[in-house]
Amino acid sequence: MQLNPDDVKPATNRLKRAKGQIEAVTRMLENGEDCKKILQQLTAASKALDRAAFSILATGMEQCLINGDAEERDTMEKLFLSLS
């Protein structure tokens, strides 16, 4: 199923934010920074990835309901369960 880029723009923005956070964590590790700060950045990046995944999934499920595609809906349900 193809997603409309406009429909997933919030997820795209979250992924870009997570990418920046992961790059920051890499720099922090290379510079020997404080463990607590590194873990805080990793936690933020992880949450951003999770939220992006759920946003994409919600958009896909909405399209399945609109299009009435039972096979795609079943696939999306399995993906949802794998995220939870």
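Thresholds, definitions, all that
- Residues numbered from 1 in each chain as written.
- Predicted model: local features only at pLDDT ≥ 70, side-chain atom pairs only at ≥ 80, totals over all residues.
- Heavy atoms only, no water.
- UniProt positions renumbered as here; feature names shortened; annotations may be inferred.
- Helix = DSSP H or I, 4+ residues; strand = E, 2+ residues; numbered from the N terminus.
- Rg over C-alpha atoms; globule rule 2.2 N^0.38 Å.
- Buried < 20%, exposed > 50% of the residue type's maximum accessible area, 1.4 Å probe, protein only.
- Areas by Shrake-Rupley, 256 points an atom, 1.4 Å probe, with all protein chains shown as cover.
- Lys, Arg positive; Asp, Glu negative; His and termini not counted.
- Charge placed at Lys NZ, Arg CZ, Asp CG, Glu CD.

An unreviewed UniProt entry annotates the protein chain as Metal-sensitive transcriptional regulator of Corynebacterium falsenii. Taken verbatim from the UniProt record of the protein chain, the Sequence similarities (unreviewed entry) comment is "Belongs to the CsoR family."

Explain the overall build of the protein chain to me, using residue names and the numbers behind them.
The helix and strand inventory of the protein chain stands at three helices and zero strands. When its helices and strands are written in sequence order, the protein chain yields α-α-α. In terms of overall size, the protein chain is more extended than a compact globule, its C-alpha atoms giving a radius of gyration of 16 Å where 84 residues would be expected to give roughly 12 Å. A buried classification covers 21% of the 84 residues belonging to the protein chain. Surface exposure of the protein chain reaches about 6200 Å², of which carbon and sulfur atoms provide 53%. Of the charged side chains in the protein chain, 12 are positive and 13 negative, and the gap between their average positions amounts to 9 Å.

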